[in-house]
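Per-entry structural report
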Amino acid sequence: MKKIIDSKLESEYNKLVESESILPIKITDFYKKKVQEEISKIGIGGPLYKSVIPTQEKISIKTSVETRDFVEENKHMPIEGVDYIIRKYEDRLVFIITDICFSHCQYCFRTYNLSKLQKSNLKETIYNKIEVLKKYLKQHNEVKEVIFSGGDPLSIGYENMSYALEELKDWNIRIHTRAIVYEPKVFDDKTIQLLKKYNVRLVFHINHPYEICEIVENKIKELYNNSIRLYAQFPLLRGINDNYIVLRKLLTKMDELHIRPLSIFIPDPIAYSASFRISFKRIIDIMNELNWNTPSWINSTRFVMDTTIGKVRYENIKKWEGNCITFSRDGQDVEYYDLDEGIDIPSDLNKLLWKERM
Ligand code: SF4
């Protein structure tokens, strides 16, 4: 591959991959071409670049309170010793069907847990995982929906997916994936028919309008034409989409493609995420700008934060003192620590939307 990262930075990053359990650099050829196009237009550090390539800021900017696992997935594993079933809600659970992704997102909030799983020698086969999951589901009739997550569930291949969907056909299945932007070809005819047969809900993670090129767009149309229900959720990220005009463009595009956006996520305060995070005050400003300046089919998308007590929104703020914001839900509180002052510098819109004249 033509060098798209400085060698010194790459070796510094690779050391952190080992010592700090963060995900190594991994990019599909499909996405790399887009990054290279972006570099040829604006140099390094654009929105697609930052999505998959570490920057000096990513490894050096830190804020005073950071954690490795803000949502505390470990506390929500209902079966002792089983780290691939996470349950926070009565009627649904998350099934980490794989720890493999097509590309590694630099902002990934699961970077620590995923990296550990990827390095583990104690990997379960998908067949064993499904057996354990089914046993649990049969004992818990209140769980109606299984959310395939990861890693990227589409990375398990057709045979495994076919087996998983057949075994779990008595439950509603939702699949969260970024395959559509990293490796759209996995949605081949066979796979589309499989998703259709089992009436799967597909939730795309698409962060920027330029991730929807013609190839991606055609694939989404194919899925829609096969009656597959399409949704989206994505994080609000500095350097990638931290301007309401970018969000408006992305949400408009999704609407044209019959994708129903569900949530915009506020990034967790995890280690090595400060370069992507936005001050809480500016998050509210972006949220208000989107609310005031766009029609409701755009601004109905909710801004949420995933926490150990479940998802919370602006309305859940109970107290805001200095850097600490307390959210309350179902009688439980959780503290969120804002970025230290001076870290959040809003992105240049011309850089975020480099294909158009702003
Ligand atoms: S695809 Fe999802 S799980 Fe994989 S690195 Fe990206 S954000 Fe993390």
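Just above sits the structure.
Here is a short report on the structure shown in this document. Since the model is a prediction, treat every value here as computed from it, not as a measurement.

Each helix and strand in the protein chain was counted, giving 14 helices and twelve strands. The C-alpha atoms of the protein chain give 20 Å as radius of gyration, which agrees with the globular expectation for 358 residues (21 Å, within 12%). Considering only C-alpha atoms, the protein chain reaches an extent of 50 × 45 × 45 Å along its principal axes. Buried residues in the protein chain amount to 56% of all 358 residues. Within the protein chain, residue pairs in contact and separated by at least 24 positions form 76% of the contacts whose partners lie at least 6 positions apart.

The next thing to look at is the pairing of strand β6 (residues 229-235). Judged by how many residues are buried, β6 sits mostly within the fold: six of seven residues are covered. Where strand β5 (residues 201-204) meets β6, four bridges bridge the pair, whose relative direction is parallel. Within the sheet, the bridge partner assigned to leucine 202 lies in β6 and is leucine 230. As for the winding sense of the linkage, the β-α-β connection from β5 through helix α10 (residues 214-225) to β6 is right-handed. Direction of pairing for β6 relative to strand β7 (residues 260-265): parallel, over a ladder of five bridges. Following the sheet pairing, glutamine 233 is matched in β7 by serine 263. Taken together, β6, helix α11 (residues 244-256) and β7 form a β-α-β motif whose crossover is right-handed.

Attention shifts here to the packing of aromatic side chains. Considering all chains together, one arrives at twelve aromatic pairs under this definition. On the basis of an interplanar angle of 80 degrees and a centroid distance of 5.2 Å, the ring pair of tyrosine 210 and tryptophan 354 is categorised as edge-to-face. Note that tyrosine 210 is positioned in the loop between β5 and α10 and tryptophan 354 in the segment after α14 (349-352), a separation of 144 residues in sequence. According to the relative accessible area criterion, tyrosine 210 is buried, its value standing at 6%. Both rings, one in phenylalanine 327 and one in tyrosine 336, keep their centres 6.4 Å apart while their planes meet at 80 degrees; by these two values the pair is edge-to-face. According to the relative accessible area criterion, phenylalanine 327 is buried, its value standing at 2%. Pairwise contacts between aromatic rings join Phe70, Phe280, Trp320, Phe327 and Tyr336 into one cluster. Directly above the ring of tyrosine 89 sits arginine 92, whose terminal nitrogen or CZ lies 4.0 Å from the centroid. Residue placement shows lysine 190 over the ring face of tyrosine 158; its charged tip is 4.3 Å from the ring centre.

Our next topic: the environment of leucine 223. Position of leucine 223 relative to the elements: it lies in helix α10. The spatial distance from the C-alpha of leucine 223 to the C-alpha of isoleucine 79 is 35 Å, given a sequence separation of 144 residues. Beyond its immediate chain neighbours, meaning those up to four positions away, leucine 223 contacts Ile180, Phe187, Ile192, Leu195, Leu202, Phe204, Ile228 and Leu230.

Around the ligand, a shell composed of Leu23, Cys101, His104, Cys105, Cys108, Leu114, Gly150 and Gly151 is seen. Of the residues in the shell around the ligand, the class split is five nonpolar, three polar and no charged.

So, about the packing of helix α6 (residues 126-139) against helix α7 (residues 158-167). One way to put it is that α6 packs onto α7 with a least axis distance of 11 Å and a crossing angle of 10 degrees. Considering their axes alone, α6 and α7 lie roughly parallel with respect to each other. Read as a crossing pair, α6 and α7 show a hand that is right-handed. Packed against α6, whose contacting residues are Ile126, Tyr127, Ile130 and Lys134, the element α7 presents Asn160, Tyr163, Ala164 and Glu167 at the interface. Looking at side-chain class alone, the contact of α6 with α7 contains five nonpolar, one polar and two charged residues.

A few words on the packing of α7 against helix α9 (residues 189-197). The contact between α7 and α9 brings their axes to 11 Å, and the two run at 10 degrees. Between α7 and α9, the interaxial angle falls into the category roughly parallel. Where α7 approaches α9, its residues Tyr158, Met161, Ser162 and Leu165 are matched on the opposing element by Lys190, Thr191, Leu194 and Leu195. Class assignment of the residues belonging to the contact of α7 with α9 gives a composition of five nonpolar, two polar and one charged.

Turning next to empty space enclosed by the protein. Taken as a whole and judged by the stated rule, the model has two cavities of 30 Å³ or more. One number sums up the size of the largest cavity: a volume of about 70 Å³. Lining the largest cavity, in full, are Ile266, Phe280, Ile283, Ile284, Met287, Phe303, Val304, Met305, Val312, Arg313, Tyr314 and Phe327. Every element with two or more residues in the lining of the largest cavity is listed here: α12 (280-293) and β8 (302-307). Considering each element in turn, the lining of the largest cavity owes the most residues, four residues, to α12. In this structure, the second largest cavity occupies an estimated 30 Å³ of space. Around the second largest cavity, the lining residues are Lys50, Ile53, Thr55, Lys58, Ser275 and Phe276.

Criteria and thresholds
- Residues numbered from 1 in each chain as written.
- Predicted model: local features only at pLDDT ≥ 70, side-chain atom pairs only at ≥ 80, totals over all residues.
- Heavy atoms only, no water.
- Helix = DSSP H or I, 4+ residues; strand = E, 2+ residues; numbered from the N terminus.
- Rg over C-alpha atoms; globule rule 2.2 N^0.38 Å.
- Buried < 20%, exposed > 50% of the residue type's maximum accessible area, 1.4 Å probe, protein only.
- Contact = heavy atoms within 4.5 Å.
- Pairing = 2+ DSSP bridges.
- Right-handed = clockwise from strand over helix to strand, strands pointing away.
- Phe/Tyr/Trp six-rings, centres within 6.5 Å; stacked < 30°, edge-to-face > 60°.
- Lys NZ or Arg CZ within 6 Å of the ring centre and 35° of its normal.
- Near = heavy atom within 4 Å.
- Nonpolar A, V, L, I, M, F, W, Y, C, P; charged D, E, K, R; others polar.
- Axes fitted to C-alpha atoms, helices over the stretch in contact; angles between N-to-C directions.
- Parallel < 35°, antiparallel > 145°, perpendicular 65-115°, else oblique.
- Left-handed = near helix turned anticlockwise from the far one by under 90°.
- 1 Å grid on protein atoms, 1.4 Å probe; cavity = no way out; pocket = protein on both sides within 12 Å on 5 of 7 lines; lining within 4 Å.
- Points joined across faces, edges and corners; volume = space filled by probe spheres on them.

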